[in-house]
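# Observations on the three-dimensional arrangement
In case you want the letters, here they are:
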Amino acid sequence: MGTGNNEKANEIRSATLLTERQRREVHFHAEYAIQCAADYHRIDYDIVESKKRRWWNQAWSMYTALLSEPLVDKRVLAVGCGAGADCFQLAKVGALTYGCDISPEMVEIARTVASREGLDIDFRVMPAELLTYPDRYFDVVLVHDILHHVDIPRTLAELLRVAKNSGVSGILCDSGQLIY
Ligand SMILES: C[S@@+](CC[C@H](N)C(=O)[O-])C[C@H]1O[C@@H](n2cnc3c(N)ncnc32)[C@H](O)[C@@H]1O
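Residues numbered from 1 in each chain as written. Predicted model: local features only at pLDDT ≥ 70, side-chain atom pairs only at ≥ 80, totals over all residues.

## Observations regarding the nonpolar core
To be explicit about the condition: Defined on buried residues, the nonpolar core groups Ala, Val, Leu, Ile, Met, Phe, Trp, Tyr and Cys residues joined through C-beta atoms within 7 Å. Exposure classification rests on a simple neighbour count of other C-beta atoms within 10 Å of a residue's own: a residue reaching 20 or more is buried, one at 12 or fewer is exposed, and one in between is partly exposed. C-beta atoms are placed from the backbone. Every helix listed is a DSSP run of H or I at least four residues long, and every strand listed is a run of E at least two residues long, numbered separately from the N terminus.
Val-76, Leu-77, Val-79, Cys-87, Ala-110, Val-141 and Val-162 are the most contacted members of the largest nonpolar core, which has 43 residues in total. Counting only elements with at least two residues in this core, the list comes to helix 4 (58-66), strand 1 (75-79), helix 5 (85-92), strand 2 (96-101), helix 6 (104-117), strand 3 (121-125), strand 4 (140-143) and helix 7 (152-162). For this core, the leading source of residues is helix 6, giving six residues.

Below you can see the structure in the form of structure tokens.
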């Protein structure tokens, strides 16, 4: 996995088509990325590796739901992946991991940390409202802490398009609830 010239061209093309709201998100997260980069000294994999589950914690509940099906070699997408936190966990448990986010700065951090951690993850810059993945491509689509940032009807249409609808297919929301 990785990025080539076509990918770069797609990134530039989608950046020129952004709505006003999407541009605001890009601008805000360019600043925020500086803080994220400073926080990323060490990745803790307890949330996927520990047998003890913190059921009272929202993020841990989400992972308990995710890990209830084998993820090894399943194609999993984190939409609005930010600096890659969920992607690192998913790749660690053997998922074929993809992450996309509208912020080039956040994706840059995600790529740098993944490389440092030795994780093979396909990160791309794109808006959730206009995904470039094929139809029914992903076994699981994860939307974590992102729905309040996006145009929900357009994004949901895209999530439904790229998710398979058999096997462990699903769109998993912040709460650990399968919403499709
Ligand atoms: C609160 S962060 C959550 C990041 C990640 N999901 C996590 O839980 O760590 C929200 C992310 O949504 C991204 N974002 C905002 N609007 C977006 C859009 N329209 N399409 C894709 N990503 C978007 C931001 O760049 C930011 O990285």
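On we go from here.
## Observations concerning the site of the ligand
Put simply, the rule reads: The C-beta atom of each residue is placed using the backbone, and any residue whose C-beta lies within 6 Å of a molecule or strand is treated as near it. Throughout this entry, Asp, Glu, Lys and Arg are counted as charged residues, while Ala, Val, Leu, Ile, Met, Phe, Trp, Tyr, Cys and Pro are counted as nonpolar. The remaining residues, Gly among them, count as polar.
Inspection of the region around the ligand gives 20 residues, with Gly-80, Gly-82, Ser-103, Ala-128 and His-149 positioned closest. Listed by contribution, the elements that provide at least two residues to the shell around the ligand are helix 2 (20-39) and helix 5. Of all the elements, helix 2 adds the most residues to the shell around the ligand, at three residues. Taken together, the residues of the shell around the ligand break down into eight nonpolar, seven polar and five charged.

## Notes on the environment of Val-26
Threshold: The contact rule is simple: place each C-beta atom from the backbone, and if two of them lie within 7 Å, those residues are in contact.
Residue placement: Val-26 occurs in helix 2. A C-alpha to C-alpha distance of 7.7 Å links Val-26 and Pro-104, two positions 78 residues apart in sequence. Ignoring sequence-local partners within four residues, the contact set of Val-26 consists of Leu-18, Ile-102 and Ser-103.

## Digging into helix 4
Stated precisely, the cut-off is as follows: Relevant arc is that of directions from the helix axis to the C-beta atoms, nothing else.
Buried within helix 4 we find Met-62, Tyr-63 and Leu-66. Seen end-on, helix 4 carries its buried residues on one side only, within an arc spanning 95 degrees.

## Remarks on the pairing of strand 1
Formally: Each pair of strands is called paired provided DSSP finds at least two bridges between the two strands. Look down the strands so they point away from you; if the path from the first strand over the helix to the second goes clockwise, the crossover is right-handed.
Across the five residues that make up strand 1, a large majority, four, are buried. Pairing analysis gives five bridges linking strand 1 to strand 2, with the strands arranged parallel. Across the sheet, residue Arg-75 finds its bridge partner in strand 2, namely Leu-96. Handedness of the β-α-β unit built from strand 1, helix 5 and strand 2 comes out right-handed. Relative to strand 4, strand 1 is paired through four bridges, and the arrangement is parallel. If you follow Leu-77 over to strand 4, its bridge partner there is Val-141.

## Description of unusual backbone geometry
Backbone geometry at Asp-73 places phi at a positive 65 degrees, although glycine is not the residue there. Asp-73 gets classed as exposed once you count the C-beta atoms within 10 Å, which come to 9. At Asp-145, a position not held by glycine, the phi torsion is positive, near 60 degrees. For Asp-145, the location among the structural elements is in the loop between strand 4 and helix 7.

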